[in-house]
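# Overview (structure and organization)
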Amino acid sequence: PFRVRDNRQEGSEGSARNGVSKIRAAISQALGPKFLARLDNQRWFQIVDSVADLPPDVRKSITGEGVAGFVLPDGRVFVVAEGAAGNPVGVTLHELGVHYGMTGILGEDFAPTLAKFKRLRAKDDRVGRAYERATEAADKDKNGDLTEAAKATLDEEALAYFVEENWDSPDT
């Protein structure tokens, strides 16, 4: 199964039934109506109110609670309103910008980008916090250590959390 980490943030719980429209409104306001219109034309991108609203093939493969968003290996991207309500634009950019976009756009060149980001850890507390959040959310073995798969994706996940938390910061 595809394990989704708990990405909920304070204030993310709430009425999910109108969550899609709230997520769409936030994306349109922050990134522009043309950006939202382009997303609407992508078959691989979907906003749903709750995990229960995911397609059955996706829903049955998810473990974990508080799902905010994820990218499947086949390239489909989902934002789950009830989990993303606290930071809908940040969660959308986390999934689209880093997990879906940068990996696909940069390919092999993504590794040097991640290495540069990792070096910022010593200089920028926000990067350090992103690594802390990624480490907390990562899969652990029975001893509480990161699994090999989690270690392999830690830098990407930290960058995604950095984008999620700082997308609207004037000094980023």
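Please read these numbers as outputs of a predicted model, since none were measured by experiment.

For the coordinates displayed, the defined rule picks out seven salt bridges. Between Arg 76 and Asp 57 there is a salt bridge; the shortest N-O distance is 2.9 Å. Linking Arg 76 in the loop between β4 (69–71) and β5 (77–80) with Asp 57 in helix α3 (residues 56–59), this pair joins segments that are 19 residues apart in sequence. With relative accessibility at 23%, the residue Arg 76 sits in the partly exposed group. The salt bridge involving Lys 151 is made with Glu 148; its shortest N-O contact spans 3.2 Å. Of this pair, Lys 151 and Glu 148 both sit in helix α8 (residues 148–166), three residues apart, which is roughly one turn of the helix. A network of salt bridges, in which partner residues are shared, links Asp 57, Asp 74 and Arg 76.

Another point: the sheet that holds strand β2 (residues 45–48). Backbone hydrogen bonds are what pair the strands of a sheet, in a parallel or an antiparallel way. With respect to topology, three strands assemble into an open sheet ordered β2-β5-β4, the strand pairing being mixed. Two strands bound the open sheet, and with one partner strand each, they are β2 and β4. When the angles between neighbouring strand axes are averaged without regard to direction, this sheet yields 15°. Examined bridge by bridge, β4 and β5 share three bridges and lie antiparallel to one another. By the bridge assignment for β5, Phe 70 is matched with Phe 78. In the packing of helix α1 (residues 19–31) onto the sheet, the strands contacted are β2 and β5, and the crossing angle to β2 comes to about 125°. Each of β2, β4 and β5 touches helix α5 (residues 88–106); the most contacted strand, β4, lies at about 15° to it.

Take the nonpolar core next. The biggest cluster of nonpolar side chains holds 18 residues, and the ones touching the most others in it are Phe 117, Tyr 131 and Leu 159. Among the secondary structure elements, those contributing two or more residues to this core are α6 (110–119), α7 (125–137) and α8. Per element, the largest residue contribution to this core is seven residues, and it comes from α8. With residues up to four places along the chain from it excluded, the contact list for Leu 159 reads Val 98, Met 102, Phe 110, Leu 114 and Phe 117.

With that out of the way, let us pick up the packing of α1 against α5. Two quantities define a packed helix pair, namely the angle between the axes and the distance from one axis to the other. At a closest axis distance of 9 Å, the pairing of α1 and α5 adopts a crossing angle of 80°. In terms of orientation, α1 and α5 fall into the roughly perpendicular class. Where α1 abuts α5, its residues Ile 23, Ala 26, Ile 27, Ala 30 and Leu 31 lie against Pro 88, Val 89, Thr 92 and Leu 93. When its residues are assigned to classes, the contact of α1 with α5 shows eight nonpolar, one polar and no charged.

Let us look at the packing of aromatic side chains. This structure, assessed with the given rule, holds five aromatic pairs. Pairing Trp 44 with Phe 45 gives two aromatic rings, centres 6.3 Å apart and planes at 80°, and the pair type is edge-to-face. Measuring from ring centre to ring centre gives 5.8 Å for Phe 117 and Tyr 131, while their planes differ by 20°; the resulting arrangement is stacked. With Phe 117 in helix α6 and Tyr 131 in helix α7, this pair connects stretches of sequence that are 14 residues apart.

Here the focus is the side chain of Asp 49. Locating Asp 49 in the fold gives a position in the loop between β2 and α3. Within the structure, the side chain of Asp 49 is placed 3.0 Å from the backbone nitrogen of Val 20, a separation counted as a polar contact.

Thresholds, definitions, all that
Residues numbered from 1 in each chain as written. Predicted model: local features only at pLDDT ≥ 70, side-chain atom pairs only at ≥ 80, totals over all residues. Heavy atoms only, no water. Salt bridge = Lys/Arg side-chain N within 4 Å of Asp/Glu carboxyl O. Helix = DSSP H or I, 4+ residues; strand = E, 2+ residues; numbered from the N terminus. Buried < 20%, exposed > 50% of the residue type's maximum accessible area, 1.4 Å probe, protein only. Pairing = 2+ DSSP bridges. Axes fitted to C-alpha atoms, helices over the stretch in contact; angles between N-to-C directions. Contact = heavy atoms within 4.5 Å. Core = buried A, V, L, I, M, F, W, Y, C linked by side-chain atoms within 4.5 Å. Parallel < 35°, antiparallel > 145°, perpendicular 65-115°, else oblique. Nonpolar A, V, L, I, M, F, W, Y, C, P; charged D, E, K, R; others polar. Phe/Tyr/Trp six-rings, centres within 6.5 Å; stacked < 30°, edge-to-face > 60°. Polar contact = N/O pair within 3.5 Å; in protein donor to acceptor, adjacent residues only side chain to side chain.

Take it as geometry only, folks, not as evidence of what the structure does.
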